[in-house]
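# Understanding the architecture of this molecule
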Amino acid sequence: MSRLGKESLPHLSIENCFPTVALPVVLYYYYISTLTIHVFSLHKHLSHGPLFTTIYAPSILPPLLRKRQRRIEPMASDHSILSTVVLVLTLVSAGTEVCESARIFTLINDCKETVWPAIFPGENFGGGGFELKSGQSIVLTAPVAWSGRIWGRTGCNFDKNGNGTCQTGRCGTSLKCTGSGETPATLAEFTLATPDFYDVSLVDGFNIPLAVTPINGKGNCSVAGCNGDLRPICPKELAVKANGKTVACRSACDVFNTDEYCCRGAYGGPVTCKPTNYSKTFKAACPAAYSYAYDDPTSILTCSGTDYVITLCSSRNKPVCTYHNNKLHCNGSEGKKSLMGKWWPLMLGLPLMITYG
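No experiment lies behind these values; they were computed from the predicted model shown.

### Things to note about the overall build of the protein chain
What the protein chain contains, in helices and strands, is nine helices and 16 strands. Burial statistics for the protein chain: of 357 residues in total, 42% are counted as buried. Sequence-distant contacts in the protein chain: of pairs separated by 6 or more residues, those separated by 24 or more amount to 63%. With an accessible surface of roughly 18,300 Å², the protein chain has 59% of that area assigned to carbon and sulfur atoms.

Next comes the structure, spelled out in structure tokens:
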């Protein structure tokens, strides 16, 4: 369960309700039901006398014609109210999937030691930093349209007030991150949209293996990240050591600061900036991650309507699961219900709107 309170829940407004395909469906059915009601009204009036009426839905009449329209049948208003009530009831019975939901992030610590995950921007994630012991997990709710990064900090020591420092990935001297972390650090990057864009980046270096697994989504939805740990094979000139142990691997750009390694100047484009021996070493450990600035074709991924599992110190080939909407979802399982499945209450409600009267 989430260790965060209500502050982690996003505000859902009308802008993120009714998916693109859903709104036209709703409007179409409302128009048909209203049009049908007026046709029934016309039939009733023709049966009882030569009264004037219209077979057009009032909402689509030009203003001038609306002024000339005569209200002649109180029951027509009753029918309109009923059709609206039935429409609302069927939409409500369709469940929360009618609205575009916020994304569920499940962070799992598979490392042998405690890790202090950091998130920026982190206002909706417990302030942007927390402790996660070995074997623990935490469930977070990402706001709709959130864009940011997640990484793990290692070798940290914080006091009861959240002040301290870390061997890798630190963001100043605070447990709660209010800015990006220091390099080197393995980054999980997200832009939640339609579709979502996500990746794992080693452009700023590597500190722990990381995998991002989309769950129950639509589209490419590949697993991003690492197959293994880069630290044991980190070139010595890039290695960051603590107590005689390699705890991180710096990027060649960070160490040598040349145009070739940093993809700038004459190398500032995808044609001239090519993989180096260093970036190839990074790529060997993390084949589904950015190993240098122009690694886009194999590293940036997309998925729609998905939740994410971010696993620290685990291979991207390891199966993972998350719990959402009272159901357990695992990667490789079926995606969400089809459009017909989502909208079956609306389909059932349609005959009631058309035939009543």
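Read on for the rest.
### Let's talk about the sheet that holds strand 14 (residues 307-312)
Taken together, five strands build an open sheet; the order of strands is 3-1-14-9-10 and the sheet is mixed. With one partner strand each, in any of the chains shown, strand 3 (137-142) and strand 10 (224-225) form the two edges of the open sheet. Where strand 1 (residues 103-109) lies against strand 3, six bridges are found, and the strand directions are antiparallel. Its bridge partner lying in strand 3, Ile108 is registered against Ser137.

### Things to note about the pairing of strand 11 (residues 239-242)
One face of the sheet, then the other: side chains in a regular strand alternate in exactly this way. With four bridges joining them, strand 11 and strand 12 (residues 245-249) adopt antiparallel strand pairing. Bridge pairing links Lys241 to Thr246 in strand 12. Taking the residues that link successive antiparallel strands as the turn, the strand 11-strand 12 hairpin has two residues, and the phi of Asn243 there is positive, at about 55°.

### Looking at unusual backbone geometry
A cis amide bond links Phe120 with the next residue in sequence, Pro121, at an omega value of -5°. Here Pro121 is to be found in the loop between strand 2 (116-120) and strand 3. Of note, Cys221 is a non-glycine position whose phi angle comes to about 55°, a positive value. With respect to the helices, strands and loops of the structure, Cys221 is situated in the loop between strand 9 (210-215) and strand 10. Backbone geometry at Asn257 places phi at a positive 55°, although glycine is not the residue there. Looking at where Asn257 falls in the secondary structure, it is placed in the loop between helix 4 (252-256) and helix 5 (259-262).

### A short note on the nonpolar core
In summary, soluble globular proteins display a tendency toward joint burial of nonpolar side chains. Counting residues in each nonpolar core, the largest one holds 41 residues, and the members touching the most others are Phe105, Leu107, Ile150, Phe190, Val212, Tyr308 and Ile310. At the level of elements, strand 1, strand 3, strand 7 (187-191), strand 8 (196-201), strand 9, helix 6 (277-285), strand 13 (301-303) and strand 14 are the ones that each hand at least two residues to this core. If we ignore the near neighbours within four places in the chain, the residues touching Leu107 are Pro117, Phe130, Leu132, Gln136, Ser137, Ile138, Leu140, Ile150 and Ile310. Grouped together as the second largest cluster of nonpolar side chains are six residues, Ala118, Trp151, Cys171 and Ala185 included.

### Points about the pattern of salt bridges
If you walk through the whole model with that rule in mind, you get eight salt bridges. As a salt-bridge pair, Asp229 and Arg231 come within 2.8 Å of each other at their nearest N and O atoms. A relative accessible area of 29% means that Asp229 is categorised as partly exposed. Judged by relative accessible area, which is 16%, Arg231 ranks as buried. Where Arg250 meets Asp254, a salt bridge forms, and the shortest distance between an N and an O atom there is 3.2 Å. On the accessibility criterion, Asp254 (34% relative accessible area) is partly exposed.

### Quick look at the state of the cysteines
Within this structure, the stated rule accounts for eight disulfides. Two residues, Cys171 and Cys177, share a disulfide whose sulfurs are 1.8 Å apart. Sign of the S-S torsion, about -75° for the bond between Cys171 and Cys177, identifies this disulfide as left-handed. We note that Cys171, like Cys177, is buried. The disulfide partner of Cys221 is Cys303, and the S-S distance across this bridge is 1.9 Å. Here the S-S torsion is close to 80°, and the disulfide linking Cys221 with Cys303 is therefore right-handed. Of the two residues, Cys221 is situated in the loop between strand 9 and strand 10 and Cys303 in strand 13; the sequence distance between them amounts to 82 residues. The exposure classification of Cys221 matches that of Cys303, with both residues buried.

### Looking at the packing of aromatic side chains
Using the criterion set out here, one finds 12 aromatic pairs in the structure. Relative to Phe190, the ring of Trp146 lies with its centre 6.4 Å away and its plane at 40°, an arrangement referred to as tilted. Remark: Phe190 occurs in strand 7 and Trp146 occurs in the loop between strand 3 and strand 4 (147-153); sequence separation between them is 44 residues. The exposure class of Phe190 is buried, given its relative accessible area of 2%. One aromatic cluster in this structure is built from Phe105, Phe125, Trp146, Phe190, Tyr198 and Tyr308.

### Brief notes about the sheet that holds strand 13
Strand pairing in a sheet relies on backbone hydrogen bonds. The paired strands run either parallel or antiparallel. Taking strand neighbours across the sheet as the criterion, the five strands line up as 2-4-7-8-13 in an open arrangement whose pairing is antiparallel. Only two strands of the sheet have a single neighbouring strand rather than two, namely strand 2 and strand 13. Between one strand and the next, the sheet's axes are offset by a mean angle of 20°, whatever the strand orientation. Bridge analysis of strand 4 against strand 7 gives five bridges, and the strand direction is antiparallel. From the neighbouring strand, Trp151 faces strand 7, where its bridge partner is Leu187.

Parameters and conventions
Residues numbered from 1 in each chain as written. Predicted model: local features only at pLDDT ≥ 70, side-chain atom pairs only at ≥ 80, totals over all residues. Heavy atoms only, no water. Helix = DSSP H or I, 4+ residues; strand = E, 2+ residues; numbered from the N terminus. Buried < 20%, exposed > 50% of the residue type's maximum accessible area, 1.4 Å probe, protein only. Contact = heavy atoms within 4.5 Å. Areas by Shrake-Rupley, 256 points an atom, 1.4 Å probe, with all protein chains shown as cover. Pairing = 2+ DSSP bridges. Core = buried A, V, L, I, M, F, W, Y, C linked by side-chain atoms within 4.5 Å. Salt bridge = Lys/Arg side-chain N within 4 Å of Asp/Glu carboxyl O. Disulfide = S-S within 2.5 Å. Phe/Tyr/Trp six-rings, centres within 6.5 Å; stacked < 30°, edge-to-face > 60°. Axes fitted to C-alpha atoms, helices over the stretch in contact; angles between N-to-C directions.

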